[in-house]
Amino acid sequence: MARSIAFREALREAMSEEMRRDDRIFLMGEEVAEYNGAYKVSQGMLAEFGAKRVIDTPISELGFAAVGVGAAQNGLRPIVEFMTWNFAVLALDQILNTASKMLAMSGGQITCPIVFRGPNGSAGQLGAQHSTAFESLYANIPGIKVVSPSNGYDAKGLMKQALRYEHDPIVFMESEVMYGDKSDVPDEEYYIEIGKADVKRSGRDVTIVSFNKMMKVALGTAEELEKEGISAEVIDLRTIRPLDWHTILESVKKTNRLVIVEEQWPYASVSSEISYRIQKEGFDYLDAPIRRITAADAPLHYAPNLVAAALPDVARTVRLVKEVMYQIK
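Below or above, wherever it landed, is the structure these notes cover. (Residues numbered from 1 in each chain as written. Predicted model: local features only at pLDDT ≥ 70, side-chain atom pairs only at ≥ 80, totals over all residues. Heavy atoms only, no water.)

## What to know about the pairing of strand 13 (residues 258-261)
Regular strands place their side chains on alternate faces of the sheet.
Here is step 1 of the chain: By the alternation rule, side chains of strand 13 split into Leu258 and Ile260 and Val259 and Val261, which are all buried.
Here is step 2 of the chain: Taken together, the three bridges between strand 10 (residues 206-210) and strand 13 define a ladder with parallel strand orientation. For isoleucine 208, the partnering residue across the bridge sits in strand 13 and is valine 259.
Here is step 3 of the chain: Sheet topology places strand 13 next to strand 14 (residues 291-293); three bridges connect them, and they run parallel. (Buried < 20%, exposed > 50% of the residue type's maximum accessible area, 1.4 Å probe, protein only. Helix = DSSP H or I, 4+ residues; strand = E, 2+ residues; numbered from the N terminus. Pairing = 2+ DSSP bridges.)

Laid out in structure tokens, this is it:
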């Protein structure tokens, strides 16, 4: 049996189920306890688990991230919530210089099983300082894994996998605009392996790859193309590091064309890495150049017309696919 629940509920279920199983797991962050979470992801968790396991922190990302990293290195399994990944820049020293490197620096003696999570990317008119997509930045750091799900079903399975089976630091990137989105989530327990992409829609003419909320653009593009007789295969990366480029390659062997949709800035982005991998391993299968659509190479403005112009949309992605199909010169 399956239930239709919101993205935030799927995350809450994943954390709560694993916290009931393992008393080493605890949640900390700004407003996660008394306020039930800035986005209500942790609603009701304080009442169930108490103030020692659902902990409100000061507005000091570097400070509470450091507490979490220290706890993880001493046998606990913290979940550290950032109110937005834009604020996590203040804690980057702990993520980059401590959490990601300690296993190597200790000769394999000290693990750091911690999950850093929170909303990432744009969410409407929030201005430049609250609208950055960070997947490629964190994916550039050896020693951590980067998860960026597009729906509640995947989010729950990936979060449970991270809390039960992973011993590396996990960067878990959500989206403010998806917290209310509904997904069918089964009643029975399940886990999703980190590092495995998912083919959300099969097709024969072109491969479209995306992740997080840009999957809405990818799937919307496939629906529009179908009306014109173009069959698009849509792949959801789900995790950015490790990157499952093998699934993309197998799709390209069938479709011979690749378009990537992402919310990152274009320079040194996720699409840059995918493009390199596929042209290196699958050049002979390509009938057209790999193309991508990204956010504009600029800070995101506040004005809604500039937000719309800066981010990928269905109409421009449809045109891009038609270009690789050589329907537009």
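## Some points on the nonpolar core
Here is step 1 of the chain: Formed by 43 residues in total, the largest nonpolar core has its most connected members in Phe82, Trp85, Phe116, Tyr138 and Ile274.
Here is step 2 of the chain: Elements represented by at least two residues in this core include exactly strand 2 (25-29), helix 3 (61-73), helix 4 (92-99), helix 6 (135-139), strand 7 (170-174), helix 9 (245-255), strand 13 and helix 10 (270-282).
Here is step 3 of the chain: For this core, the element with the highest residue contribution is helix 3, accounting for five residues.
Here is step 4 of the chain: With 33 residues, the next largest nonpolar core counts Ala14, Ile25, Met178 and Tyr179 among its residues. (Core = buried A, V, L, I, M, F, W, Y, C linked by side-chain atoms within 4.5 Å.)

## Digging into the sheet that holds strand 2
Here is step 1 of the chain: With mixed pairing, seven strands are arranged side by side in an open sheet as 3-2-4-5-7-6-12. Whereas interior strands pair on both sides, the edge strands pair on one side only; in this sheet they are strand 3 (54-56) and strand 12 (239-241). The average undirected angle you get between the axes of adjacent strands in this sheet is 20°.
Here is step 2 of the chain: Note: strand 6 (residues 145-147) against strand 12, two bridges, orientation antiparallel. Bridge assignment links valine 147 to a residue of strand 12, and that residue is threonine 239. (Axes fitted to C-alpha atoms, helices over the stretch in contact; angles between N-to-C directions.)

## Digging into the sheet that holds strand 13
Here is step 1 of the chain: Ordered in space as 9-11-10-13-14, the five strands form an open sheet in which the pairing is mixed. Each having just a single partner strand, strand 9 (198-201) and strand 14 make up the two edges of the open sheet. Averaged over all pairs of adjacent strands, the angle between strand axes in this sheet comes to 25°, irrespective of strand direction.

## Considerations on the side chain of serine 106
Here is step 1 of the chain: Tracing the chain through its elements places serine 106 in the loop between helix 5 (102-105) and strand 5 (115-119).
Here is step 2 of the chain: Of the polar contacts made by the side chain of serine 106, one reaches the backbone oxygen of methionine 102; its length is 2.8 Å. (Polar contact = N/O pair within 3.5 Å; in protein donor to acceptor, adjacent residues only side chain to side chain.)

## Quick word on the pattern of salt bridges
Here is step 1 of the chain: Summed over all chains, the structure comprises 33 salt bridges.
Here is step 2 of the chain: Among the salt bridges present, the one from lysine 160 reaches glutamate 17, with a minimum N-O distance of 2.8 Å. Within this pair, whereas lysine 160 is found in helix 7 (residues 152-165), its partner glutamate 17 is found in helix 1 (residues 7-21), the two being separated by 143 residues in sequence.
Here is step 3 of the chain: Note on lysine 160: relative accessible area 0%, which makes it buried.
Here is step 4 of the chain: Overall, glutamate 17 belongs to the partly exposed group, its relative accessible area being 25%.
Here is step 5 of the chain: Where arginine 277 meets glutamate 273, a salt bridge forms, and the shortest distance between an N and an O atom there is 3.1 Å. Linking arginine 277 with glutamate 273, this pair stays in helix 10, spanning four residues, or about one helical turn. (Salt bridge = Lys/Arg side-chain N within 4 Å of Asp/Glu carboxyl O.)

## As for the packing of aromatic side chains
Here is step 1 of the chain: Enumeration over the complete set of coordinates arrives at nine aromatic pairs.
Here is step 2 of the chain: An angle of 10° between the planes, with centres 6.0 Å apart, marks the rings of phenylalanine 82 and phenylalanine 116 as stacked. Taken together, the positions of phenylalanine 82 in the loop between strand 4 (77-81) and helix 4 and phenylalanine 116 in strand 5 put the pair 34 residues apart, joining distant regions of the chain.
Here is step 3 of the chain: You can call phenylalanine 82 buried: its relative accessible area is 0%.
Here is step 4 of the chain: Ring centres 5.3 Å apart and planes at 70° place the aromatic pair tyrosine 165 and tyrosine 191 in the edge-to-face group. (Phe/Tyr/Trp six-rings, centres within 6.5 Å; stacked < 30°, edge-to-face > 60°.)

## Some thoughts on the environment of asparagine 97
Here is step 1 of the chain: For asparagine 97, the position within the fold is in helix 4.
Here is step 2 of the chain: Sequence spacing of asparagine 97 and valine 54 is 43 residues, and the spatial spacing of their C-alpha atoms is 26 Å.
Here is step 3 of the chain: A polar atom in the side chain of asparagine 97 sits 2.8 Å from the side chain of lysine 101.

## Looking at the packing of helix 8 (residues 215-226) against helix 12 (residues 314-324)
Here is step 1 of the chain: Running from amino to carboxyl end, helix 8 crosses helix 12 at an angle of 60°, the nearest separation of the two axes being 9 Å. One element, helix 8, and the other, helix 12, form an angle in the oblique class. Seen from above, helix 8 lies across helix 12 with right-handed handedness. Two secondary-structure elements touch here, helix 8 through Val217, Gly220, Thr221, Glu224 and Leu225 and helix 12 through Val314, Thr317, Val318 and Val321.
Here is step 2 of the chain: Looking at side-chain class alone, the contact of helix 8 with helix 12 contains five nonpolar, three polar and one charged residues. (Parallel < 35°, antiparallel > 145°, perpendicular 65-115°, else oblique. Left-handed = near helix turned anticlockwise from the far one by under 90°. Contact = heavy atoms within 4.5 Å. Nonpolar A, V, L, I, M, F, W, Y, C, P; charged D, E, K, R; others polar.)

## Some thoughts on helix 9
Here is step 1 of the chain: What helix 9 keeps buried is the set Trp245, Ile248, Leu249, Ser251, Val252 and Thr255. Looking down the long axis of helix 9, one finds its buried residues gathered within 165° of arc, a one-sided arrangement.
Here is step 2 of the chain: Buried-residue contacts for helix 9 involve strand 10, strand 11 (232-236), strand 13 and helix 10.
Here is step 3 of the chain: At the exit of helix 9 stands asparagine 256, carrying a positive phi of roughly 70°. (Arc of directions from axis to C-beta.)

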